Amino acid sequence: MSALTYLEAIRQGLWEEMERDNSVFLLGEDIGEYGGAFKLTAGFLDHFGADRVVDTPLSEAAFVGAAIGAAIMGLRPIVEMQFADFISCAYDQIVNYAAKARYRWGAAVPMVIRGPSGGGVHGGPFHSTNPEVPFVHTPGLKVIVPSTPYDAKGLIKAAIRDPDPVIFFEHKLLYRRIRGEVPESDYVIPLGTASVARVGRDISIITYGAMVHVALEAAAQLALEDIEIEVIDLRCLSPLDTHAVLNSVRKTNRVIVLHEDNRTAGFGGELAAVIAEKGFDYLAAPIVRITAPDCPVPYSPPLERAFLPDKSSVTIAVRRLLQY
Amino acid sequence: MRVSPKSAYKLLYFMKLMRQLENRIEVLYRQGKIVGGVYVGRGQEAISVGSAILTKPGDVICPSHRDLGAFLIRGIEPWVVVAQYLGRIDGPTRGRDGNTHMGSLKHNVVSYISSMAGVVPVASGVALSFKYRHESRVVLCYFGEGATSRGEWHEALNFSAVFKLPVVYICGNNQYAYSTPITRQMAVEHVADRGSAYAIPTTIVDGNDVLAVREATGIAIARARRQQGPTLIECKTFRMGGHSASDAADYVPKHILHAWQQKDPIARFEKFVLQKRLVSQKGLTDIDDLIGRVVDDAVRRAEKSPFPDPSTLLEGVDGTTAKVRSAHSSGAHE
């Protein structure tokens, strides 16, 4: 075991998979010579060569489409979106081509699209979004949102080995801020399994990505007041580990769904619906959503701080919910 | 242009098969047996047939909706095509999609999608896989002139040109994209003019001359196999009918339609093979008889194919979690 950053863990996962399987290769803007906008693939070009680390034109639809074509022919491409926000430029390719190919004509599309997502880095409206929902809503795609170095490595490896198109949203705020123990051995985390990030009895917070850390900070503070929060880290939004969500709600009877994406029709709405449909009898209080408000992610620090859910948004909501 | 009797026979057979099969498919549509869209390539048969005829088994084709001849040449059987249109389980999509929205990896046919040009970047990826594995295979990628206005088309041609990928782009310029005439589609005169933006060599051919299409494709395939990169072939043609079987195409001036009727690619090639004594008059009659039987058999056999079982609705959405999904789904049926 060694302590790696979240970024190093993803990098190690990619590296090991490329060593293990010759059909795995990388495509994206500035990933070779330059090593990627976040330097995640620095050194890959020298080690694996230009056939397997492909610097592409500024052309999301083309390189995602190219990845789809290569995947149909049996390769395992990994696409890097320079920022997850730009994934909209390849929406047709992902949603109309990749997602439907297996269902329509039985063509497997084993590809991964990595996208640095999320705010908190003053990236402004085009370098900060959390565009998971349209992809979670699309049958045929899998959507991963890791929060820890251990999970990030195990999940990227699982994504690469998966037979379907997988969208892997890496939270860029976590890249160098989060460090954790990561085994040097080969391991994968099965897609569709949530983890219990903190065990508690009073309230369940169901969350993912960077918000897991916000929930844990809030939980640590509330524990001083003998309020025990359970934090469920979904890790994967599609397929969703409904079982883990309901198990926690059954235990605590109070639930907050927390995400960094905008509120309306965000993933929290789906979670609330699942809990209301299948866990209504467990509930002692209404389901609470904590999300970003319905506006683009702003640039200026006071505005961005006001936009992002933080520790105090959670502690305030927890106290209110306990009084219900 | 030299063509052997055997090649002439094959070209004629597939052009006529495409025409007759699509004629019958339109009948099935009018009879209410085909319930979805029908988009035929009447008048454009020389393009898909004259090009796909040159592919080797390892080559991949990405045909569009007026390229049935290419599917047939790659070995997708007529009755399977009819089953696809009828929504039966023996179509390549097992009833999950209709008309020529189909692919078959066994036949190295990669499906197009309805957002035109959507398959063009995918074709680049297929070609990239050939380069990756150092294989001497090529991709034939088809589209109409309308698709060349899409961003995906431009991105894909640029991508293929940058990496010198073995793709042959074949544009069936039939001058109308649904009701939109080419003058409203592009300010350049020819689709081929767009190639220069990507340093892709282009050729303009008479798309109603099967031998001209074949010759241009042969040159482009040879370039691709020599790793000299993509070529764009613009085949000038005309859509002899509506966009779909439900479109009367009243917006097309009649005199233009009549002028193009004189250039029918099948009638022209028939005349050519008779003149050159490549196929006899009796040979032509035999082809027509054979195709009549093939089409009858295709419909008969396809109509015997069952409809898909509704219980299979969720099968094949993804490769690992179909069962997990259905167990978790809380859809409208619960």
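Residues numbered from 1 in each chain as written. Chains lettered and ligands numbered in written order. Predicted model: local features only at pLDDT ≥ 70, side-chain atom pairs only at ≥ 80, totals over all residues.

## A word on the packing of helix H1 (residues 5-30) of chain B against helix H10 (residues 265-275) of chain B
All names here are of chain B.
Move 1: Where H1 contacts H10, the axes come no closer than 10 Å and their chain directions differ by 155°. With respect to their mutual orientation, H1 and H10 come out roughly antiparallel. Considering only the axes of H1 and H10, their crossing is left-handed. Across from Ala8, Leu11, Leu12, Met15, Lys16 and Arg19 in H1, the residues of H10 making contact are Pro265, Ile266, Phe269, Glu270 and Val273.
Move 2: Partitioning the contact of H1 with H10 into residue classes produces 8 nonpolar, no polar and 3 charged. (Axes fitted to C-alpha atoms, helices over the stretch in contact; angles between N-to-C directions. Helix = DSSP H or I, 4+ residues; strand = E, 2+ residues; numbered from the N terminus. Parallel < 35°, antiparallel > 145°, perpendicular 65-115°, else oblique. Left-handed = near helix turned anticlockwise from the far one by under 90°. Contact = placed C-beta atoms within 7 Å. Nonpolar A, V, L, I, M, F, W, Y, C, P; charged D, E, K, R; others polar.)

## Let's talk about helix H4 (residues 91-105) of chain A
Move 1: Taking 1.5 Å as the rise per residue, H4 of chain A with 15 residues should run 21 Å; its terminal C-alpha atoms sit 20 Å apart, in good agreement.
Move 2: Where H4 of chain A bends most, the angle comes to about 25°, and this point is alanine 99 of chain A.
Move 3: Across the 15 residues that make up H4 of chain A, a large majority, 12, are buried.
Move 4: For H4 of chain A, every residue scored as buried is listed here: Asp92, Gln93, Ile94, Tyr97, Ala98, Ala99, Lys100, Ala101, Arg102, Tyr103, Arg104 and Trp105 of chain A.
Move 5: At its buried positions, H4 of chain A is contacted by helix H3 (60-72) of chain A together with helix H5 (119-132) and helix H6 (151-162) of chain B. (Expected span 1.5 Å × (residues − 1). Bend = angle between axes of the 7 residues up to and from the residue. Buried ≥ 20, exposed ≤ 12 C-beta atoms within 10 Å, placed from the backbone.)

## Here we look at the pairing of strand S6 (residues 202-206) of chain B
Move 1: Two strands pair when backbone bridges link them, and S6 of chain B and strand S7 (residues 231-236) of chain B are joined in this way by 5 bridges, in the parallel orientation. By the bridge assignment for S7 of chain B, valine 205 of chain B is matched with cysteine 235 of chain B. (Pairing = 2+ DSSP bridges.)

## Describing the sheet that holds strand S4 (residues 76-80) of chain A
Residues and elements named next belong to chain A.
Move 1: Read across the sheet, 7 strands follow the order S3-S2-S4-S5-S7-S6-S12 without closing on themselves; strand pairing throughout is mixed. Sheet topology places strand S3 (53-55) and strand S12 (236-238) at the edges, where each strand pairs with a single neighbour. The average undirected angle you get between the axes of adjacent strands in this sheet is 20°.
Move 2: Strand contacts of H3: strand S2 (24-28), S4 and strand S5 (112-117), with the helix running at about 165° to S4, the strand carrying the most contacts.

## Thoughts on the pairing of S4 of chain A
All names here are of chain A.
Move 1: With 5 of its 5 residues buried, S4 lies for the most part within the structure.
Move 2: Side-chain alternation along S4 places Arg76, Ile78 and Glu80 on one buried face and Pro77 and Val79 on a second face that is also buried.
Move 3: Relative to S5, S4 runs parallel, the two sharing 3 bridges. Bridged to valine 79 within S5 is isoleucine 113.
Move 4: With H4 bridging S4 and its parallel neighbour S5, the resulting β-α-β unit is right-handed. (Right-handed = clockwise from strand over helix to strand, strands pointing away.)

## Notes on the domain arrangement of chain A
All names here are of chain A.
Move 1: One can read the domain layout of chain A as domain 1 (2-182) and domain 2 (195-323).
Move 2: Counting residues at the interface gives 25 residues for domain 1 and 24 residues for domain 2.
Move 3: When residues in the side of domain 1 that touches domain 2 are grouped by element, the largest group, 3 residues, is from strand S6 (residues 142-144).
Move 4: Tallied by class, residues from the side of domain 1 that touches domain 2 come to 12 nonpolar, 10 polar and 3 charged. (Domains from an automatic or database assignment.)

## Description of the interface of chain B and chain A
Move 1: Facing the 40 residues of chain B at the interface are 40 residues of chain A.
Move 2: For the side of chain B that touches chain A, the secondary structure elements donating two or more residues are H5, H6 and helix H12 (322-328) of chain B.
Move 3: Ranked by the residues each element gives to the side of chain B that touches chain A, the list is headed by H5 of chain B, at 9 residues.
Move 4: Residues belonging to the side of chain B that touches chain A are distributed by class as follows: 16 nonpolar, 18 polar and 6 charged.

## What about the nonpolar core?
Move 1: Counting residues in hydrophobic clusters, the biggest one holds 194 residues, and the most contacted among them are Ala215 of chain A together with Cys62 and Ala123 of chain B.
Move 2: Counting contributing residues per domain, this core is built from domain 1 (2-182) and domain 2 (195-323) of chain A, each supplying no fewer than three.
Move 3: Those residues in contact with alanine 215 of chain A that lie beyond four places of it in its chain are Ile205, Thr207, Val231, Leu258 and Val314 of chain A. (Core = buried A, V, L, I, M, F, W, Y, C linked by C-beta atoms within 7 Å.)

## Regarding the sheet that holds strand S14 (residues 288-292) of chain A
All names here are of chain A.
Move 1: Here we have 5 strands laid out as an open sheet, ordered S9-S11-S10-S13-S14, and mixed in their pairing. Strands at the two margins of the open sheet, each flanked by one partner only, are strand S9 (195-198) and S14. Going across the sheet, the axis of each strand differs from the next one's by a mean of 25°, ignoring polarity.
Move 2: Here strand S13 (residues 255-262) pairs with S14 via 4 bridges, running parallel. Its bridge partner lying in S14, asparagine 262 is registered against alanine 292.

## Focus: the environment of glycine 292 of chain B
Move 1: Looking at where glycine 292 of chain B falls in the secondary structure, it is placed in helix H11 (residues 281-304).
Move 2: Distance in space between the C-alpha atoms of glycine 292 of chain B and leucine 21 of chain B is 8.9 Å, their sequence separation being 271 residues.

## Brief notes about unusual backbone geometry
A negative phi angle characterises most non-glycine residues, just as the trans form characterises most peptide bonds.
Move 1: A cis geometry characterises the amide bond from serine 238 of chain A onward to proline 239 of chain A, with omega recorded as 0°.
Move 2: Position of proline 239 of chain A among the secondary structure elements: in the loop between S12 and helix H8 (242-252).
Move 3: Look at asparagine 108 of chain B: it is not a glycine, yet its phi comes out positive at around 55°.
Move 4: Inspection of the secondary structure puts asparagine 108 of chain B in the loop between helix H4 (78-86) and H5.
Move 5: The class for asparagine 108 of chain B is buried, based on 21 C-beta atoms found within 10 Å.
Move 6: Phi at arginine 277 of chain B is positive, roughly 55°, even though this residue is not glycine.
Move 7: Assignment of secondary structure puts arginine 277 of chain B in the loop between H10 and H11.
Move 8: A tally of 9 C-beta atoms within 10 Å means that arginine 277 of chain B is categorised as exposed.

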